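# Reading the structure
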Amino acid sequence: MYSGEHAEPQGSGILRTIVGLLVMVALVFGLSWALRTFVFQAYEIPSGSMEETIMTGDMVFSEKVSYYLRDVQPGDIVTFQDPEIPGRVLIKRVIAVGGQTVDLVDGKVVVDGVALDEPYTQGKASEPLNPAPDVDVSYPFTVPEGRLWVMGDNRTNSQDSRYFGAIKESSVTGHAVLVYWPFQNFGALT
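Figured I'd write up the structure that's included with this text. (Residues numbered from 1 in each chain as written. Predicted model: local features only at pLDDT ≥ 70, side-chain atom pairs only at ≥ 80, totals over all residues. Heavy atoms only, no water.)

## Structural notes on the overall build of the chain
- Helix and strand counts for the chain come out as three helices and twelve strands.
- Counting over 190 residues, the chain shows a buried share of 38%.
- Restricting the contact set of the chain to residue pairs at least 6 apart, pairs at least 24 apart contribute 59%. (Helix = DSSP H or I, 4+ residues; strand = E, 2+ residues; numbered from the N terminus. Buried < 20%, exposed > 50% of the residue type's maximum accessible area, 1.4 Å probe, protein only. Contact = heavy atoms within 4.5 Å.)

Right under this line is the structure:
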């Protein structure tokens, strides 16, 4: 009697399972790559340049979506490509954007003639640094269009725009928004 069903060779069922698993693995890796490339990236902080806001060893999420919708703004904590070491990512606070003028006066940061209120520096003085070779940083410094002036919150332990100059806005890889590990440091970044 014919039931309308036919038996498949045993080998094709195994092959179908293997192909299905390979497609699933490829989808997972593809989705992971897309999320890291276009949505968010996790970073571990290797130095104390952003202390007390972000501590050495903290894990942070840097999201990318907001910069598809708006420009980088002063006060944002950003991740960006190190202007000196290709492939390395740094994290700093944006102090000024293109067209603004930065000055360091009596340990304070002055932008467009107004001293900034910076409680995140814990009162540490913002003094000039000796710039990197082939970098010209003199004060007052007008940030070129398409560039950003960035500084670490730990002003006495941060190589930042005082050292390497204004960074290219196109080098920004994301907006750091959250410390997620260790749990006792969990919280939004402001």
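Moving on from the model shown.
## Observations concerning unusual backbone geometry
- Here the amide bond leading from Y139 into P140 is cis, since omega sits at -5 degrees, within 30 degrees of zero.
- For P140, the location among the structural elements is in the loop between β7 (114–115) and β8 (141–142).
- Cis geometry is adopted by the peptide bond preceding P182, which originates at W181 and carries an omega value of 0 degrees.
- Mapped onto the fold, P182 is located in the loop between β11 (172–181) and β12 (187–188).
- Backbone geometry places Q122, a non-glycine residue, at a positive phi of 60 degrees.
- The topology assignment puts Q122 in the loop between β7 and β8.

## Here's the deal with the pattern of salt bridges
- Counted by the stated rule, this structure contains five salt bridges.
- The shortest N-O distance in the salt bridge between D153 and R93 comes to 2.8 Å. Of the two residues, D153 is situated in the loop between β9 (147–151) and α3 (161–164) and R93 in strand β4 (residues 89–97); the sequence distance between them amounts to 60 residues.
- Owing to a relative accessible area of 0%, D153 belongs among the buried residues under this scheme.
- A salt bridge links R155 to E118; the nearest nitrogen and oxygen atoms lie 2.8 Å apart. Separated by 37 residues along the polypeptide, R155 in the loop between β9 and α3 and E118 in the loop between β7 and β8 bring together distant segments of the chain. (Salt bridge = Lys/Arg side-chain N within 4 Å of Asp/Glu carboxyl O.)

## Quick word on the environment of M151
- Mapped onto the elements, M151 comes out in strand β9.
- Setting aside residues no more than four positions away along its own chain, M151 makes contact with M50, K92, R93, I95, L104, V109, S126, D160 and R162.

## A look at the packing of aromatic side chains
- All told, the structure shown has five aromatic pairs when counted by the stated rule.
- Between the aromatic rings of F61 and Y180, the centroid separation amounts to 4.3 Å while the plane-to-plane angle is 20 degrees, which identifies the pairing as stacked. Taken together, the residues F61 in strand β2 (residues 59–63) and Y180 in strand β11 connect sequence positions 119 residues apart.
- Looking at Y180, the relative accessible area reads 23%, which means it is partly exposed.
- Plain terms: the ring middles of F141 and W149 are 5.0 Å apart, the flat faces sit at 45 degrees to each other, and that makes the pair tilted. (Phe/Tyr/Trp six-rings, centres within 6.5 Å; stacked < 30°, edge-to-face > 60°.)

## What to know about the side chain of D160
- Relative to the elements of secondary structure, D160 occurs in the loop between β9 and α3.
- On the basis of relative accessibility, which here comes to 0%, the residue D160 falls in the buried class.
- Ignoring sequence-local partners within four residues, the contact set of D160 consists of K92, L129, V150, M151, G152 and G165.

## Overview of the nonpolar core
- Among the nonpolar cores identified, the biggest contains 14 residues, and V78, F80, L148 and V150 are the most heavily contacted of them.
- Of all elements in the fold, only β3 (77–81), β4, β9 and α3 reach the threshold of two or more residues within this core.
- Looking at this core element by element, the count peaks at three residues for β4.
- Once residues lying within four places of it in the same chain are set aside, the contact partners of V150 are V78, F80, K92, R93, V94, I95, D160, S161, F164 and I167. (Core = buried A, V, L, I, M, F, W, Y, C linked by side-chain atoms within 4.5 Å.)

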